[in-house]
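Each chain, letter by letter, is given below.
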Amino acid sequence: MSTSPTVETAGPAEPQTGTAEPTASARILEIRGRINEIDHALIALWQERAALSHEVGATRMASGGTRLVLSREREILERFRVALGADGTQLALLLLRAGRGPL
Ligand SMILES: O=C(O)C(=O)C[C@]1(C(=O)O)C=C[C@@H](O)C=C1
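Residue positions are given per chain, counting from 1 as you read along its sequence in written order. Only residues with pLDDT of at least 70 are given local features in this predicted model, and only at 80 or more are side-chain atom pairs given and counted; all residues enter the totals for whole chains, interfaces and linings. Just so you know, side-chain values use all the structure's heavy atoms and leave hydrogens and water out.

With an unreviewed UniProt entry as reference, the protein chain is termed Chorismate mutase, source organism Micromonospora parathelypteridis.

Okay, structure coming up:
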């Protein structure tokens, strides 16, 4: 009878914080908890925005309107640029693309 390979299971795997110092490691894990919450919220907001943008576009086109409204896109790009700089512009471009698809 063959034996299966032994796996070391001393306990749950320790999360990799990048430091062996316990106080720092604990603080990093605490911060990561909040980062995870923020990431989940960002993903949910991203998906909600894309769905809303899609609905606006579909509503407009079904009523004989245009697919895009460039003045509105410029307004959004400017909002993100003012708040976040060049990265904000890139983020806004991705947001707009997620809602209306690639140009
Ligand atoms: O606000 C609109 O009119 C939309 O269609 C939404 C949206 C956006 O994702 O913000 C998408 C496409 C338009 O060109 C402008 C803005």
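Now that the structure has been shown, the text picks up again.
### Some points on a nonpolar patch on the surface
In plain terms, the rule: Patches draw on residues past 30% relative accessible area with no salt bridge. Two like charges within 9 Å are joined, as are two nonpolar side chains (Val, Leu, Ile, Met, Phe, Trp, Tyr) within 5 Å. Exposure was quantified through the Shrake-Rupley algorithm and a 1.4 Å probe, taking into account, for residues, occlusion by the shown protein chains and nothing else. By salt bridge we mean one thing: a side-chain nitrogen of Lys or Arg within 4 Å of a carboxyl oxygen of Asp or Glu. Helix and strand definitions here come from DSSP, where helices need a minimum of 4 consecutive H or I residues and strands a minimum of 2 consecutive E residues; each element is numbered from the N-terminal end.
A cluster of nonpolar side chains, Trp-46, Leu-84, Leu-91 and Leu-94, forms an exposed patch at the surface whose accessible area comes to about 340 Å². Take Leu-94: it is sitting in helix H3 (residues 86–100).

### Points about the site of the ligand
Our working rule: Residues are labelled near a given molecule or strand when at least one of their non-hydrogen atoms is within 4 Å of it. Residues adjacent in sequence count toward polar contacts only when both atoms are side-chain atoms; beyond that, a polar contact is any pair of N or O atoms within 3.5 Å, and within protein one must be able to donate a hydrogen and the other to accept it. When residue character is reported, Ala, Val, Leu, Ile, Met, Phe, Trp, Tyr, Cys and Pro are called nonpolar, Asp, Glu, Lys and Arg charged, and the others, Gly included, polar.
Close contacts around the ligand come from Arg-49, Ser-53, Val-56, Arg-60, Leu-68, Val-69, Arg-72, Glu-73, Ile-76 and Leu-96, and that covers them all. Between the ligand and Arg-49, the relevant distance is 2.8 Å, taken from an oxygen atom to a side-chain nitrogen or oxygen of the residue. Measuring from an oxygen atom of the ligand, one finds a backbone N or O atom of Val-69 at 2.9 Å. Protein chains shield 91% of the accessible area of the ligand, which is 360 Å² for the free molecule. Secondary-structure elements contributing two or more residues to the shell around the ligand are helix H1 (22–62) and helix H2 (70–84). Classifying every residue of the shell around the ligand gives 5 nonpolar, 1 polar and 4 charged.

### So, the pattern of salt bridges
Between side chains of opposite charge, a pair can form when the charged atoms approach closely. For the record, the criterion: Relative accessibility thresholds used throughout: buried, under 20% of the residue-type maximum; exposed, over 50%; partly exposed, between the two (1.4 Å probe, protein chains only).
Going through the model one piece at a time under the given rule, you end up with 6 salt bridges. Put simply, Glu-30 and Arg-27 hold a salt bridge, and the shortest N to O gap is 2.4 Å. Here Glu-30 pairs with Arg-27, and both are found in helix H1, just 3 residues apart, close to one helical turn. The class of Glu-30 is exposed, set by a relative accessible area of 52%. A relative accessible area of 46% places Arg-27 in the partly exposed class. Residue Arg-34 is joined to Glu-37 by a salt bridge in which the shortest nitrogen-to-oxygen separation is 2.8 Å. In this pair, Arg-34 and Glu-37 are both assigned in helix H1, 3 residues apart and thus about one turn of the helix distant. Taking relative accessible area as the criterion, Glu-37 reaches 47% and is therefore assigned partly exposed. Among the charged side chains, a network of salt bridges with common partners joins Arg-72, Glu-75 and Arg-79.

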